[in-house]
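# Architecture at a glance
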Amino acid sequence: MTLQGKTVIVTGAGGGMGKAAVALLLEEGANVVGCDLNTDLLDEFKGRTDFVEYNGNLLEEETVHQVFKETFERFGSIDGLANILGIAQSAASIEDCSLNDYRKIMDVNMTSIFLTCREAAKYMKKQQQGKIVNVGSVSTTRPRPGLQCYVASKGAVESFSKALALELAAYHINVNILHPGPSDTNMLGQFSADSVNVDDTKKEVFEKSVPLGRLLKPMDIAQSVKFLLSDETNMVTGAVLHVDGGRNI
Ligand SMILES: NC(=O)c1ccc[n+]([C@@H]2O[C@H](COP(=O)([O-])OP(=O)(O)OC[C@H]3O[C@@H](n4cnc5c(N)ncnc54)[C@H](O)[C@@H]3O)[C@@H](O)[C@H]2O)c1
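What counts, and where the lines are drawn
Residues numbered from 1 in each chain as written. Predicted model: local features only at pLDDT ≥ 70, side-chain atom pairs only at ≥ 80, totals over all residues. Near = placed C-beta within 6 Å. Helix = DSSP H or I, 4+ residues; strand = E, 2+ residues; numbered from the N terminus. Nonpolar A, V, L, I, M, F, W, Y, C, P; charged D, E, K, R; others polar. Pairing = 2+ DSSP bridges. Axes fitted to C-alpha atoms, helices over the stretch in contact; angles between N-to-C directions. Contact = placed C-beta atoms within 7 Å. Expected span 1.5 Å × (residues − 1). Buried ≥ 20, exposed ≤ 12 C-beta atoms within 10 Å, placed from the backbone. Arc of directions from axis to C-beta. Parallel < 35°, antiparallel > 145°, perpendicular 65-115°, else oblique. Left-handed = near helix turned anticlockwise from the far one by under 90°. Bend = angle between axes of the 7 residues up to and from the residue.

## Section: the site of the ligand
Taken together, 28 residues are adjacent to the ligand, and Gly12, Gly15, Gly86, Thr185 and Met187 come closest. For the shell around the ligand, the secondary structure elements donating two or more residues are α1 (16–27), α3 (99–127) and α5 (186–190). A breakdown of the residues in the shell around the ligand according to their chemical character gives 14 nonpolar, 13 polar and one charged.

Dropping the structure here:
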C-alpha cells in the first residue's frame, strides 16, 4: 500500500488524529496539505517540499476555495481529501443547549464537510478519480446522553457521504465514512459535562466502553484513513468503517 506521489488535503490537521494522519501520509510518500484553525502542532513538518500548512477557517467558502486552488497549483492534482476536523459537545440536557451551540456544532461538523467535498468534487471529476474520507463518530450508532447535537451532526456526515458516494461513483470518486471510537486526544475530555472529573470519566466511562480494552490512539485512526485513501479500496465506496475497538457492537 503506497500513496507515493498522491496529493491529499487533510482538515483538522492540527488536532490529535489529524496530525497523526499528516505524519503517516507523508511517510507513505504523499504530498500533504494540512489545514486547521490552529496549525501550531504542525511546526515539525514546516520546510518540507511535500508539505504545506494552511491556517484558516474551513467554514469560510473563500478559504476552502483557496486551499484547493493553491493545492492544485502547487502539486498538480488532488487525489484525496481526509476530513478530520470537528468539535465536541460538552454533555448537557437539551433544555440547556442554546440555538447558537446547536448551530455551531452542525456548522463545524457538517457544513465544513459540505464545503470541502463540493470543492473536491470539482477537481476530482475533472481527474476522473479521487478518494474522500469523512470522519464521523461511533456515537451515531451508540449515542451517549447529553450529546444530541454532536450525534446529529455526525449522523448527517454519514448520510451525506453515502449520498455523495452514489452521486460521484460514475467519476471513479470514492466517498467513505470512518467512525472513530473514544480516542485519546484533547477532544475526548471536552465531551464531559462541566461538573465531572475529566480524567476519571476517560478511564471509567470511555475506556471501559471499548471491548478491546483501551482508548483508540490517533495513529489507529490514521492507519485506517491511509487505507481508505489507498488503491486497495478502489471498489469500496459509501462504506462505514468503524475504528472503535468494538464500541459500536
Ligand atoms: N477524540 C474522540 O474521542 C473522537 C471520537 C469520535 C469521533 N471523533 C472525531 O474525530 C475527529 C478528530 O478528532 P480529534 O480527537 O483529533 O479532535 P481534535 O480536537 O484534536 O482535532 C480537531 C481539529 O479540528 C480543528 N477545527 C475545528 N473547527 C475548525 C474549522 N472551522 N476550520 C478548521 N479547523 C477546524 C480544530 O482546530 C482541531 O485542531 C473529529 O471529527 C471528531 O469529531 C473524535
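From this point, the narrative continues.
## A word on the sheet that holds strand β3 (residues 51–55)
The strand order across the open sheet formed by seven strands is β3-β2-β1-β4-β5-β6-β7, and the pairing between neighbours is parallel. Looking at strand neighbours, the two that pair on one side only are β3 and β7 (240–243), the edges of this open sheet. The average undirected angle you get between the axes of adjacent strands in this sheet is 15 degrees. Here strand β2 (residues 31–36) runs beside β3; their pairing, made up of five bridges, is parallel.

## Considerations on the environment of Phe51
Along the chain, the position of Phe51 falls in strand β3. When residues no more than four places from it in sequence are discounted, the contact partners of Phe51 are Leu26, Val32, Gly34 and Phe45.

## Points about helix α2 (residues 61–75)
A turn of α-helix holds 3.6 residues, and therefore any two residues three or four places apart point the same way. With 15 residues, α2 extends 21 Å from end C-alpha to end C-alpha; this agrees with the ideal 21 Å at 1.5 Å per step. Of all the positions in α2, only Val64, Val67, Thr71 and Phe75 are classed as buried. The arc that holds every buried residue of α2, seen down its axis, measures 60 degrees, which confines them to one face. Turned more than 90 degrees off the buried face of α2, the exposed positions are Glu61, Glu62, Lys69 and Glu73. Buried residues along α2 sit against β1 (7–11), β2, β3 and α3. Backbone geometry just downstream of α2 places Gly76 in the positive-phi region, at approximately 85 degrees.

## Details of unusual backbone geometry
A positive phi angle, near 60 degrees, is found at Gln128, a position not held by glycine. Looking at the secondary structure, you find Gln128 in the loop between α3 and β5 (130–135). In this structure, His172 is a non-glycine residue whose phi angle is positive, near 60 degrees. Note on placement: His172 falls in the loop between α4 (148–168) and β6 (173–180). His172 sits in the partly exposed class, given 15 other C-beta atoms within 10 Å.

## A look at the environment of Ala88
Checked against the element boundaries, Ala88 lands in the loop between β4 (80–83) and α3. Spatially, the C-alpha atom of Ala88 lies 9.0 Å from that of Asn109, the residues being 21 residues apart in sequence. When near neighbours in sequence (up to four residues on either side) are disregarded, Ala88 contacts Tyr150, Met187, Gln190 and Phe191.

## So, the packing of α3 against α4
One way to put it is that α3 packs onto α4 with a least axis distance of 9 Å and a crossing angle of 15 degrees. Judged on the interaxial angle alone, α4 and α3 are roughly parallel. Crossing handedness for the pair α3 and α4: right-handed. Where α3 approaches α4, its residues Asp101, Tyr102, Ile105, Met106, Asn109, Met110, Ile113, Phe114, Cys117 and Ala121 are matched on the opposing element by Cys149, Tyr150, Ser153, Lys154, Ala156, Val157, Phe160, Leu164 and Leu168.

## Re α3
Over its 29 residues, α3 runs 41 Å from end to end, which matches the ideal 42 Å to within 8%, given 1.5 Å per residue. The largest bend along α3 measures about 40 degrees and falls at Asp107. Within the sequence span of α3, burial applies to Ile105, Val108, Asn109, Met110, Ser112, Ile113, Thr116, Cys117, Glu119, Ala120, Tyr123 and Met124. On its buried face, α3 sits against β1, α2, β4, β5, α4 and β6.

Structural measurements only, silent on function.
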